[in-house]
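Now for the letters of each chain:
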Amino acid sequence: MTFWREDERKLAEAFVRDGYVKQAAESQDDLDRIRDLLADTTADYLELPRATDKGAFLDHIQDKVEIEKLNKLRMAVMEKMNSEPWVRLAYFNTARRALEILVGNELAMQLRINLSIQIPNDKSSLLPVHADVWAGDSPYEVVLWVPYVNVRRSKTMFILPREKNARHQAKMGEFKSAQDLHNAIESDLDWPTINYGEVLLFTQNVMHGNIVNTEPGTRWSTNCRFKCLFSPFHDKKLGEFFEPILIRPATTLGIQYKFPSVG
Ligand SMILES: O=C(O)CCC(=O)C(=O)O
Ligand SMILES: [Fe+2]
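Residues numbered from 1 in each chain as written. Chains lettered and ligands numbered in written order. Predicted model: local features only at pLDDT ≥ 70, side-chain atom pairs only at ≥ 80, totals over all residues. Heavy atoms only, no water.

J.: I keep staring at the site of ligand 1 and nothing clicks. Help me out?
T.: As a structural note, the neighbourhood of ligand 1 is formed by Leu 127, His 130, Asp 132, Val 143, Trp 145, Met 157, Phe 202, His 208, Asn 210, Arg 219, Asn 223 and Arg 225. Within the contact set of ligand 1, an oxygen atom lies 3.0 Å away from a side-chain nitrogen or oxygen of His 130. Asn 210 is positioned such that a nitrogen or oxygen atom in its side chain is 2.7 Å from an oxygen atom of ligand 1. In isolation ligand 1 offers 300 Å² of accessible surface; the protein chains occlude 98% of this area. If you map ligand 1 onto the pockets, it falls in the largest pocket. For the shell around ligand 1, the secondary-structure elements that each account for two or more residues are strand S4 (142–147) and strand S8 (219–228). Ranked by residues supplied to the shell around ligand 1, first place goes to S8 with three residues. Residues of the shell around ligand 1, tallied by class, amount to five nonpolar, four polar and three charged. (Near = heavy atom within 4 Å. Polar contact = N/O pair within 3.5 Å; in protein donor to acceptor, adjacent residues only side chain to side chain. Areas by Shrake-Rupley, 256 points an atom, 1.4 Å probe, with all protein chains shown as cover. 1 Å grid on protein atoms, 1.4 Å probe; cavity = no way out; pocket = protein on both sides within 12 Å on 5 of 7 lines; lining within 4 Å. Sits in = over half its atoms within 2 Å of the grid points. Helix = DSSP H or I, 4+ residues; strand = E, 2+ residues; numbered from the N terminus. Nonpolar A, V, L, I, M, F, W, Y, C, P; charged D, E, K, R; others polar.)

Here it is in C-alpha coordinates:
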(Lines give C-alpha, C1' and ligand atoms only; values in the text may rest on other atoms or scores of the structure.)
(Ligands and ions follow the chains in the order given, each with its own letter.)
Protein backbone atom coordinates (compact mmCIF):
# COMPACT_ATOMS: atom_id res chain seq x y z
CA MET A 1 0.00 0.00 0.00
CA THR A 2 1.40 3.40 -0.93
CA PHE A 3 -0.19 6.80 -1.30
CA TRP A 4 2.44 7.77 -3.86
CA ARG A 5 1.65 7.97 -7.54
CA GLU A 6 4.07 5.68 -9.37
CA ASP A 7 6.04 8.36 -11.29
CA GLU A 8 6.22 10.60 -8.23
CA ARG A 9 7.43 7.73 -6.06
CA LYS A 10 10.32 7.07 -8.47
CA LEU A 11 11.48 10.67 -8.28
CA ALA A 12 11.10 10.74 -4.50
CA GLU A 13 13.05 7.48 -4.06
CA ALA A 14 15.91 8.64 -6.25
CA PHE A 15 16.13 11.89 -4.29
CA VAL A 16 16.17 10.11 -0.94
CA ARG A 17 18.72 7.56 -2.18
CA ASP A 18 21.22 9.96 -3.76
CA GLY A 19 20.35 13.33 -2.25
CA TYR A 20 19.87 14.75 -5.72
CA VAL A 21 17.97 14.30 -8.98
CA LYS A 22 18.47 15.69 -12.44
CA GLN A 23 15.58 16.21 -14.83
CA ALA A 24 14.53 18.07 -17.96
CA ALA A 25 13.43 21.63 -17.23
CA GLU A 26 9.64 21.67 -16.97
CA SER A 27 9.46 24.91 -18.95
CA GLN A 28 12.09 25.42 -21.62
CA ASP A 29 10.58 28.85 -22.42
CA ASP A 30 11.10 30.08 -18.87
CA LEU A 31 14.63 28.67 -18.83
CA ASP A 32 15.46 30.38 -22.15
CA ARG A 33 14.07 33.66 -20.90
CA ILE A 34 16.34 33.64 -17.86
CA ARG A 35 19.36 32.54 -19.93
CA ASP A 36 18.71 35.33 -22.42
CA LEU A 37 18.44 37.89 -19.61
CA LEU A 38 21.82 36.76 -18.24
CA ALA A 39 23.42 37.00 -21.69
CA ASP A 40 21.93 40.39 -22.61
CA THR A 41 22.68 41.92 -19.20
CA THR A 42 26.27 40.70 -19.51
CA ALA A 43 26.62 42.13 -23.02
CA ASP A 44 25.21 45.50 -21.87
CA TYR A 45 27.53 45.55 -18.85
CA LEU A 46 30.58 44.80 -20.99
CA GLU A 47 29.40 47.26 -23.67
CA LEU A 48 29.28 44.54 -26.31
CA PRO A 49 26.56 43.93 -28.90
CA ARG A 50 23.85 41.55 -27.68
CA ALA A 51 24.57 38.05 -28.99
CA THR A 52 22.32 36.02 -31.25
CA ASP A 53 23.60 32.73 -29.87
CA LYS A 54 23.22 33.56 -26.17
CA GLY A 55 24.40 30.14 -24.97
CA ALA A 56 27.66 30.32 -26.94
CA PHE A 57 28.19 33.90 -25.77
CA LEU A 58 27.94 32.84 -22.11
CA ASP A 59 30.08 29.77 -22.67
CA HIS A 60 32.92 31.87 -24.15
CA ILE A 61 32.77 34.82 -21.79
CA GLN A 62 36.35 34.11 -20.65
CA ASP A 63 37.46 35.73 -23.95
CA LYS A 64 35.63 38.94 -23.06
CA VAL A 65 36.28 39.59 -19.36
CA GLU A 66 39.38 39.50 -17.15
CA ILE A 67 39.36 37.49 -13.93
CA GLU A 68 39.76 40.70 -11.84
CA LYS A 69 36.52 42.11 -13.26
CA LEU A 70 34.56 38.89 -13.03
CA ASN A 71 33.06 39.35 -9.57
CA LYS A 72 31.85 42.88 -10.40
CA LEU A 73 30.18 41.50 -13.52
CA ARG A 74 28.65 38.66 -11.52
CA MET A 75 27.24 41.07 -8.93
CA ALA A 76 25.80 43.35 -11.62
CA VAL A 77 24.12 40.50 -13.49
CA MET A 78 22.81 38.99 -10.27
CA GLU A 79 21.39 42.37 -9.25
CA LYS A 80 19.57 42.73 -12.56
CA MET A 81 18.24 39.17 -12.42
CA ASN A 82 16.85 39.72 -8.92
CA SER A 83 15.32 43.07 -9.83
CA GLU A 84 13.14 41.59 -12.59
CA PRO A 85 9.89 40.47 -10.92
CA TRP A 86 9.13 37.76 -13.52
CA VAL A 87 12.37 35.87 -12.89
CA ARG A 88 11.28 34.21 -9.63
CA LEU A 89 8.17 32.66 -11.15
CA ALA A 90 10.08 31.64 -14.28
CA TYR A 91 12.72 30.03 -12.09
CA PHE A 92 10.12 28.12 -10.08
CA ASN A 93 8.45 27.01 -13.33
CA THR A 94 11.61 25.21 -14.46
CA ALA A 95 10.98 22.59 -11.74
CA ARG A 96 7.56 23.33 -10.30
CA ARG A 97 6.18 19.80 -10.29
CA ALA A 98 9.38 18.27 -8.94
CA LEU A 99 9.48 20.83 -6.11
CA GLU A 100 5.87 20.05 -5.23
CA ILE A 101 6.70 16.34 -5.14
CA LEU A 102 9.99 16.65 -3.25
CA VAL A 103 9.26 19.59 -0.96
CA GLY A 104 5.54 20.29 -0.71
CA ASN A 105 2.75 22.35 -2.15
CA GLU A 106 2.92 25.12 0.43
CA LEU A 107 6.28 26.63 -0.25
CA ALA A 108 8.77 29.28 0.72
CA MET A 109 11.41 30.44 -1.77
CA GLN A 110 14.76 32.10 -1.08
CA LEU A 111 14.48 35.86 -1.66
CA ARG A 112 17.63 36.07 -3.80
CA ILE A 113 18.67 33.77 -6.61
CA ASN A 114 22.46 33.31 -6.53
CA LEU A 115 24.58 33.36 -9.65
CA SER A 116 27.86 31.58 -10.14
CA ILE A 117 30.25 32.19 -13.05
CA GLN A 118 33.33 29.99 -13.32
CA ILE A 119 35.68 30.81 -16.14
CA PRO A 120 38.36 28.25 -17.03
CA ASN A 121 41.27 28.04 -14.55
CA ASP A 122 39.88 30.71 -12.19
CA LYS A 123 40.84 29.87 -8.63
CA SER A 124 39.10 32.88 -7.08
CA SER A 125 35.44 31.80 -7.28
CA LEU A 126 35.53 28.39 -5.64
CA LEU A 127 33.25 26.81 -3.04
CA PRO A 128 35.26 24.05 -1.36
CA VAL A 129 33.48 21.03 0.09
CA HIS A 130 30.69 22.02 2.50
CA ALA A 131 27.09 21.35 3.47
CA ASP A 132 25.02 24.53 3.83
CA VAL A 133 23.31 23.06 6.91
CA TRP A 134 26.65 23.43 8.72
CA ALA A 135 26.35 27.21 8.30
CA GLY A 136 22.80 28.09 9.26
CA ASP A 137 20.56 26.62 6.58
CA SER A 138 17.77 24.34 7.73
CA PRO A 139 18.05 20.66 6.77
CA TYR A 140 14.57 20.92 5.21
CA GLU A 141 15.70 23.03 2.27
CA VAL A 142 16.10 21.83 -1.31
CA VAL A 143 18.30 23.67 -3.79
CA LEU A 144 17.19 24.14 -7.38
CA TRP A 145 20.45 24.44 -9.33
CA VAL A 146 20.21 25.51 -12.96
CA PRO A 147 23.06 25.65 -15.50
CA TYR A 148 22.83 27.92 -18.57
CA VAL A 149 25.53 26.06 -20.52
CA ASN A 150 26.31 22.34 -20.72
CA VAL A 151 28.29 21.33 -17.63
CA ARG A 152 30.35 18.24 -16.89
CA ARG A 153 33.51 17.16 -15.03
CA SER A 154 35.16 20.16 -13.31
CA LYS A 155 32.65 22.55 -14.93
CA THR A 156 29.76 21.08 -12.93
CA MET A 157 29.48 20.77 -9.13
CA PHE A 158 30.29 17.68 -7.11
CA ILE A 159 27.93 15.95 -4.69
CA LEU A 160 28.55 13.17 -2.21
CA PRO A 161 25.58 10.79 -2.51
CA ARG A 162 23.63 10.34 0.72
CA GLU A 163 24.81 6.92 1.83
CA LYS A 164 28.49 7.76 1.24
CA ASN A 165 27.93 11.12 2.87
CA ALA A 166 26.71 9.38 6.03
CA ARG A 167 29.77 7.11 6.05
CA HIS A 168 32.25 10.00 5.73
CA GLN A 169 30.38 12.30 8.08
CA ALA A 170 30.65 9.68 10.82
CA LYS A 171 34.45 10.11 10.65
CA MET A 172 34.35 13.90 10.47
CA GLY A 173 36.46 14.44 13.60
CA GLU A 174 39.49 12.86 11.90
CA PHE A 175 39.90 15.53 9.24
CA LYS A 176 42.33 18.38 9.93
CA SER A 177 41.37 20.64 7.01
CA ALA A 178 38.90 21.04 4.17
CA GLN A 179 41.56 19.65 1.83
CA ASP A 180 41.89 16.58 4.07
CA LEU A 181 38.17 16.08 3.90
CA HIS A 182 38.14 16.59 0.14
CA ASN A 183 40.87 13.99 -0.35
CA ALA A 184 38.96 11.48 1.76
CA ILE A 185 35.68 11.84 -0.15
CA GLU A 186 37.13 12.40 -3.63
CA SER A 187 36.72 8.86 -4.98
CA ASP A 188 33.09 8.73 -3.79
CA LEU A 189 31.94 11.99 -5.41
CA ASP A 190 29.38 12.28 -8.20
CA TRP A 191 29.92 14.94 -10.88
CA PRO A 192 26.53 15.16 -12.59
CA THR A 193 26.71 16.00 -16.27
CA ILE A 194 23.91 18.49 -16.89
CA ASN A 195 23.09 19.81 -20.32
CA TYR A 196 21.42 23.12 -20.94
CA GLY A 197 17.69 22.31 -20.74
CA GLU A 198 18.12 20.20 -17.61
CA VAL A 199 18.03 21.18 -13.92
CA LEU A 200 19.40 19.69 -10.73
CA LEU A 201 17.65 19.46 -7.36
CA PHE A 202 19.73 18.56 -4.32
CA THR A 203 19.69 18.55 -0.56
CA GLN A 204 22.39 20.74 0.95
CA ASN A 205 22.57 18.25 3.83
CA VAL A 206 25.10 16.26 1.82
CA MET A 207 28.60 17.52 1.11
CA HIS A 208 29.05 19.31 -2.19
CA GLY A 209 31.11 22.04 -3.83
CA ASN A 210 33.25 22.73 -6.86
CA ILE A 211 36.86 22.80 -8.03
CA VAL A 212 38.78 24.84 -10.62
CA ASN A 213 37.02 24.58 -13.96
CA THR A 214 39.54 23.05 -16.37
CA GLU A 215 37.02 22.53 -19.17
CA PRO A 216 37.29 24.83 -22.19
CA GLY A 217 34.14 26.91 -21.49
CA THR A 218 32.69 29.01 -18.66
CA ARG A 219 30.18 27.63 -16.20
CA TRP A 220 27.08 29.79 -15.59
CA SER A 221 24.66 28.49 -12.99
CA THR A 222 22.14 29.75 -10.46
CA ASN A 223 21.00 28.27 -7.18
CA CYS A 224 17.97 29.01 -5.06
CA ARG A 225 16.46 27.29 -2.04
CA PHE A 226 12.90 26.10 -1.50
CA LYS A 227 11.33 24.68 1.62
CA CYS A 228 7.99 23.59 2.96
CA LEU A 229 6.38 26.64 4.58
CA PHE A 230 5.66 24.64 7.73
CA SER A 231 9.03 22.94 8.13
CA PRO A 232 11.37 24.28 10.84
CA PHE A 233 13.38 27.37 9.90
CA HIS A 234 16.96 27.76 11.14
CA ASP A 235 19.13 30.93 10.78
CA LYS A 236 17.65 31.69 7.36
CA LYS A 237 14.29 33.10 8.42
CA LEU A 238 10.97 33.59 6.71
CA GLY A 239 10.74 37.26 5.67
CA GLU A 240 14.52 37.80 5.78
CA PHE A 241 15.87 35.03 3.60
CA PHE A 242 12.71 33.24 2.44
CA GLU A 243 9.28 34.41 1.38
CA PRO A 244 6.08 32.38 1.06
CA ILE A 245 5.23 31.75 -2.60
CA LEU A 246 2.32 29.32 -2.32
CA ILE A 247 -0.21 29.26 0.51
CA ARG A 248 -3.26 27.04 0.08
CA PRO A 249 -6.80 28.25 0.89
CA ALA A 250 -7.28 25.94 3.88
CA THR A 251 -4.18 27.49 5.44
CA THR A 252 -5.36 31.03 4.72
CA LEU A 253 -8.74 30.26 6.27
CA GLY A 254 -7.06 28.59 9.22
CA ILE A 255 -4.78 31.57 9.87
CA GLN A 256 -7.66 34.03 9.58
CA TYR A 257 -10.11 32.07 11.68
CA LYS A 258 -11.23 33.58 14.94
CA PHE A 259 -13.21 31.54 17.41
CA PRO A 260 -16.50 33.18 18.44
CA SER A 261 -16.17 34.90 21.77
CA VAL A 262 -18.39 33.43 24.43
CA GLY A 263 -19.87 35.03 27.51
O1 LIG B 1 27.42 25.89 -7.70
C2 LIG B 1 28.20 25.23 -7.02
O3 LIG B 1 29.22 24.72 -7.49
C4 LIG B 1 27.93 25.01 -5.56
C5 LIG B 1 26.60 25.53 -5.18
C6 LIG B 1 26.32 25.38 -3.72
O7 LIG B 1 27.15 25.12 -2.91
C8 LIG B 1 24.93 25.58 -3.27
O9 LIG B 1 24.07 25.97 -4.07
O10 LIG B 1 24.66 25.36 -2.08
FE1 LIG C 1 26.25 24.80 -0.96
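J.: Even after reading the chapter, I still don't get the coordination of the iron ion (ligand 2), so can you show me in this structure?
T.: Each donor-metal-donor angle in an ideal tetrahedron of four donors is 109.5 degrees, and each such angle in an ideal octahedron of six donors is either 90 or 180 degrees. Summarising the metal site, the iron ion (ligand 2) is bound by the protein donors His 130 (NE2), Asp 132 (OD) and His 208 (NE2), whose distances to it range over 2.1 to 2.2 Å. Mapping the donors of the iron ion (ligand 2) onto the primary sequence gives the spacing H-x1-D-x75-H. One end of the pair, His 130, is in the loop between strand S3 (114–118) and S4; the other, His 208, is in strand S7 (residues 208–209), with 78 residues separating them in the sequence. The two residues His 130 and His 208 agree in class, both being buried. (Donors = N, O, S within 2.8 Å, 3.2 Å for Na, K, Ca; no water. Buried < 20%, exposed > 50% of the residue type's maximum accessible area, 1.4 Å probe, protein only.)

J.: Could you clarify how one ought to interpret the packing of aromatic side chains in this entry?
T.: The full count for this structure, using the stated rule, is five aromatic pairs. Aromatic rings pair up to connect Phe 233, Phe 241 and Phe 242 into one cluster. The ring of Phe 233 is capped by Lys 227, whose NZ or CZ atom sits 3.3 Å from the centre of that ring. Here the guanidinium or amino end of Lys 236 rests over the ring plane of Phe 241, the centre of that ring lying 4.6 Å away. (Phe/Tyr/Trp six-rings, centres within 6.5 Å; stacked < 30°, edge-to-face > 60°. Lys NZ or Arg CZ within 6 Å of the ring centre and 35° of its normal.)

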